[in-house]
Amino acid sequence: MDHRAGCSLNLRNGCACGAVAFTLAVAAISVNAPVAAQEAKDKSAAQASQDAAPPAGAAGDAADLEAGKVPVPSPPAEPPLPQVDPIIPDAEFNAAVPALDTSDDPELDKPLESIDAFESRLARQQTGAKPDAGASQTRGSQTGGGQTEQVPPLGDPALADGDTTEEIGDAPVRDAELTTPLPPLDQFEVAPVRFADDAPDDRKDVEVRYNVDLQGLDLADKETDTDLKGEFNGLSALKKGDGKAANTAMVSARLTEDSQLMETVLASEGWYSPIVRTRLDPGPDAATPSLSAVIAVTPGKRYVFSDIVLKADPTVPPNLVADNFALKVGEPIVAERVQGAEAQIAVALPENGYPFAEVGQRDILLDQDAGNGVYTLPVTVGPRGRFGSITTDGDLAFDADHIPVLARFKRGELYDSRKVDDLRKALVATNLFATVAVEPQKTGEAAGDGTEYVTLHVKQDAGKPRTIAGSLGYAAGEGITTQATWTHRNMFPPEGALIAHAIAGTRQQGAGVTFRRSNAGKRDRTLEIVAEAFHNDYDAYSAYTGRLAARIARDSTPIWQKRYTYAFGVELLGTAETDYDADTGGRKRNTYYVAGVNGQVGFDTSDDLLNPTKGYRVTALIQPEATVRNGFDPYVRARIDASTYYPISDSFVLAARVRFGTIQGAGLFDIAPSRRLYAGGGGSVRGYAYQALGEQAPDKNPVGGRSLNEGSFEARYRFGNYGVVAFVDAGQAYRETTPQFNDLRYGVGIGGRFYTNFGPMRLDIATPIGRKPGESRFNLYVSIGQAF
């Protein structure tokens, strides 16, 4: 007999291997014998009814259906099963099972006691009470003395719920309240629940203080240029906690986190198998309870590259990938170096004709025994390309015909991502887009030499074209000045702007309109046409002026600063200005008509247009003009400016400038007062009023000159978004046509700076040295940008 089948059978029928199950089964049968007998009888009757029932589809089916009977089909016959030899023969199995006999253990042949009897007996054993002699129900077994043990009655013979056919009786109900009928609803009373008031919490937060003890990192720190301690301290949870925690568990959690951080920091520098141990020790000061969070580090070996494998298709030139990969065999495996080397390949390939190159996922196989690793990097080179056509779509600011004007490459040139970036910057500098993107696209069109044309697709999202701007300034001699501008940057596409501007101040009032076309037929070339009228009321003169001017220029802007700049144009003025009249001893208004051309060139190596910190600038201006008043008076105005900037440190800069000017070819009073040269003021010599230096008329007001010289020196110190400046200025204007470099006037002062994303806000206060009667003791200047 098979052991598994025999065991299963014995569990049902009570063999030795299922002795416990056997006893439980017998007890259940003994207690519920009438119920089991009745169930067996019912099952036999049902089986007989099934055997007597006709097969499905017989004539009696209709009658059965009418009588409410549903025929039950007979189960299918057992299929034939293959003969399986037992794993353990019956004789061997039975011999191995120990014999059980009730004489060895009388309890084996006793039926199980009821739950009620078991609980009563257990309670008596725990309390030491004797059995109740007046009990009316027997347990159903004989004790060793031959007496029948009496147990308390179960109460209702039908058990607690009145079900007489269940095999296991209900547990007795011992709480009388559970059997008591519920009271009527109108008599049911609910006592309100009262909550005790919260007791005041007199406990105080207990703060745990700790210090961090980092051990064993000094040798590793010396092997690398990276400050491992500094990098760890900058990210440490313990350091961020500032030596304080709510409890010891919090310190322990931070210590665990920092242990993982230390492993990460070391791995980033090539130590991939460090041992980091942590513990909490009592603090060094016994008088002040504290903890010492100890991180003990054993860095182990520093892993190096044993081999470097670059998987890439052939390129032109052949070693393009290898030559631009900075890692070498034998150097430590440093994460920052690895990322930098991969980024260099990703940059170098598009710069050399491979716009679709991709750097794959690196693989570094580490050998812990040898302390080295094999580095493998797959690189997808893609086709070599040349610049092809340019396409565009989206919300257009201008069409594709204007984009080549901004590009610094021609069709057929080898693809270079730097030129694509330059085009993207030029598009951004137009200020016409909310967003703009330039992406290369494959064409598959052959371009010779194994290359193919690449289309550049420009995705445009035009921004709002209108802008309203304003500014406010103050300077001694110029008073308060406010300016406002309204600009439509693309009223006349492409890049044709219309600008309306107005100025209102204590000394200046005016309005005008400007048409400006940026990138006019050529990258960075601007065409401007200006018409304006204004009134100036200065100590030197009062003027009502109308002006027409046209100008073509290549200028720097805050977004796009250029090294070389130029400008040339024409200018027409009609102006009525006051000038000192020696015959009357007063001011007389004269009318002047001025026509001229102008040209300017500049060279700029500084690092910022509004806030330079290094480099230098040189600008030269020449203006041949003619004045028509009582006759025709031609002359030439010229000026040269130079400035330099030298950084002592990241926050300390020295700056200096000089200016020289001259007017050649006409007498002083044959030139309109507004076209003469003046010195003094916020952009000239601080400490003096605007245009206050130079020859003075008998009415104590300046008359201007035909030459000037100026110089300034500043020491600029910046801290955060603020800065202070100490400065000294010097200068003078002369009647002569060449600077005389004598009778120089000086001003000294101090200024404050507030740095913004569009440039510094400037406030300077200065005083004149050797102050003369009528000159202010202090002069204030407020503006945007550095003085020079």
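Just so it is clear, the model here is predicted, and its values are computed rather than measured.

Regarding the overall build of the protein chain
Along the protein chain, the regular secondary structure elements total 14 helices and 29 strands. Each of the 788 residues in the protein chain was classed as buried or not, and the buried ones make up 34%. For the protein chain, long-range pairs separated by at least 24 residues make up 57% of all intrachain contacts whose partners lie at least 6 apart in sequence. Surface exposure of the protein chain reaches about 45500 Å², of which carbon and sulfur atoms provide 56%.

Quick look at the packing of helix α8 (residues 228–235) against helix α10 (residues 248–268)
It is at 10 Å that the axes of α8 and α10 come closest, and there the two elements cross at 140°. Classed by the angle they form, the pair α8 and α10 counts as oblique. Handedness of the crossing formed by α8 with α10: right-handed. Together, Leu228, Glu231, Phe232 and Leu235 of α8 and Asp258, Leu261, Met262, Val265, Leu266 and Ser268 of α10 make up the contact between the two elements.

A few points about the sheet that holds strand β6 (residues 291–298)
Strands sit in the order β4-β3-β6-β5 across an open sheet of four strands; the sheet is mixed. Strands at the two margins of the open sheet, each flanked by one partner only, are β4 (244–245) and β5 (275–282). Note: strand β3 (residues 208–215) against β6, six bridges, orientation parallel. Looking at β6, one finds that Asn211 is bridged to Ser292. Of the strands in this sheet, β3, β4, β5 and β6 are in contact with α10, which crosses β5 at around 155°.

Details of α10
Between the first and last C-alpha of α10 there are 30 Å, a value that for 21 residues agrees with the 30 Å anticipated at 1.5 Å per step. Among the residues making up α10, those that are buried are Val251, Arg254, Leu255, Asp258, Ser259, Leu261, Met262, Val265, Leu266 and Ser268. Immediately beyond the C-terminal end of α10, within one or two residues, lies Gly270, with a positive phi of roughly 105°.

What to know about the side chain of Gln732
Looking at the secondary structure, you find Gln732 in strand β26 (residues 722–734). Under the relative-accessibility criterion, Gln732 is labelled buried at 5%. Side-chain polar atoms of Gln732 contact the backbone nitrogen of Gly694, separated by 2.8 Å. Within the structure, Gln732 has its side chain in polar contact with the backbone oxygen of Asp743 (distance 2.8 Å). Those residues in contact with Gln732 that sit more than four places away from it in its chain are Ala679, Leu693, Gly694, Ser707, Leu708, Asn709, Asn742, Asp743, Leu744 and Arg745.

A few points about helix α12 (residues 335–351)
End to end, α12 covers 25 Å across 17 residues, agreeing with the expected 24 Å (1.5 Å per residue, within 8%). When we look at burial in α12, the residues that qualify are Val338, Ala341, Glu342, Ile345, Ala348, Leu349 and Pro350. At its buried positions, α12 is contacted by β7 (304–312), α11 (320–323), β8 (358–359), β10 (372–380) and α14 (417–429). Gly353, located one to two residues past α12, shows a positive phi value of around 100°.

Examining the pairing of strand β16 (residues 496–505)
Relative to β16, strand β15 (residues 479–488) runs antiparallel, the two sharing eight bridges. Bridge pairing links Trp486 to Ala500 in β16. Bridge count between β16 and strand β17 (residues 508–517): nine bridges; the pairing is antiparallel. Residue pairing for β17: His501 is matched across the bridge by Gly512. Linkage of β16 to β17, two consecutive antiparallel strands, is achieved through a turn of two residues.

Examining a nonpolar patch on the surface
Together, Leu472, Tyr474, Ile480, Ile750, Leu763, Ile765, Phe778, Leu780 and Val782 make up an exposed nonpolar region whose accessible area comes to about 800 Å². Of all the elements in the fold, those that place two or more residues in the nonpolar patch are β14 (466–475), β28 (759–769) and β29 (779–784). Its place among the elements puts Leu472 in strand β14. Residue Leu472 is classed as exposed on the basis of its relative accessible area, which comes to 60%.

Some details on the nonpolar core
Counting residues in each nonpolar core, the largest one holds 21 residues, and the members touching the most others are Phe398, Leu423, Leu427 and Leu456. The set of elements that each furnish at least two residues to this core consists of β11 (384–395), α13 (403–406), α14, β12 (433–448) and β13 (451–462). Broken down by element, the residue count for this core peaks at four residues, all from α14. Not counting the four nearest positions on each side in its chain, Leu456 is found in contact with Phe387, Ser389, Ile390, Thr391, Phe409, Tyr415, Val420, Leu423, Val438, Glu439 and Pro440.

Details of the sheet that holds β12
Pairing is mixed across the open sheet formed by three strands, whose spatial order is β11-β13-β12. Looking along the sheet, the strands with just one partner apiece sit at the ends: β11 and β12. When strand polarity is set aside, the average angle formed by the axes of neighbouring strands in this sheet is 20°. When β11 meets β13, the two strands line up parallel, connected through 10 bridges. The residue of β13 that forms the bridge with Phe387 is Val454. Here α14 sits on the sheet in contact with β11, β12 and β13, set at roughly 150° to β12.

Topic: the pattern of salt bridges
For the coordinates displayed, the defined rule picks out 39 salt bridges. A salt bridge links Glu342 to Arg362, with the shortest nitrogen-to-oxygen separation between them at 2.6 Å. Placement of the pair is Glu342 in helix α12 and Arg362 in the loop between β8 and β9 (363–367), with a sequence separation of 20 residues. The partly exposed category is assigned to Arg362, whose relative accessible area is 31%. Where Arg675 meets Glu571, a salt bridge forms, and the shortest distance between an N and an O atom there is 3.6 Å. In this pair, Arg675 sits in the loop between β24 (652–664) and β25 (707–719) while Glu571 sits in strand β20 (residues 564–581), placing the two residues 104 residues apart along the sequence.

Focus on the confidence of the model for the protein chain
Per-residue confidence for the protein chain gives a mean pLDDT of 83, with 81% of residues at or over 70. Low confidence marks residues 1–70, where pLDDT is under 50. Its contacts with residues over four positions away, or in another chain, come to 44 contacts. Every residue in residues 133–160 is under pLDDT 50, and counting partners more than four places away or in other chains gives 43 contacts.

Cut-off values and rules
Residues numbered from 1 in each chain as written. Predicted model: local features only at pLDDT ≥ 70, side-chain atom pairs only at ≥ 80, totals over all residues. Heavy atoms only, no water. Helix = DSSP H or I, 4+ residues; strand = E, 2+ residues; numbered from the N terminus. Buried < 20%, exposed > 50% of the residue type's maximum accessible area, 1.4 Å probe, protein only. Contact = heavy atoms within 4.5 Å. Areas by Shrake-Rupley, 256 points an atom, 1.4 Å probe, with all protein chains shown as cover. Axes fitted to C-alpha atoms, helices over the stretch in contact; angles between N-to-C directions. Parallel < 35°, antiparallel > 145°, perpendicular 65-115°, else oblique. Left-handed = near helix turned anticlockwise from the far one by under 90°. Pairing = 2+ DSSP bridges. Expected span 1.5 Å × (residues − 1). Polar contact = N/O pair within 3.5 Å; in protein donor to acceptor, adjacent residues only side chain to side chain. Patch = residues over 30% accessible without salt bridge, like charges linked within 9 Å, V, L, I, M, F, W, Y side chains within 5 Å. Salt bridge = Lys/Arg side-chain N within 4 Å of Asp/Glu carboxyl O. Core = buried A, V, L, I, M, F, W, Y, C linked by side-chain atoms within 4.5 Å. pLDDT = per-residue confidence, 0-100.

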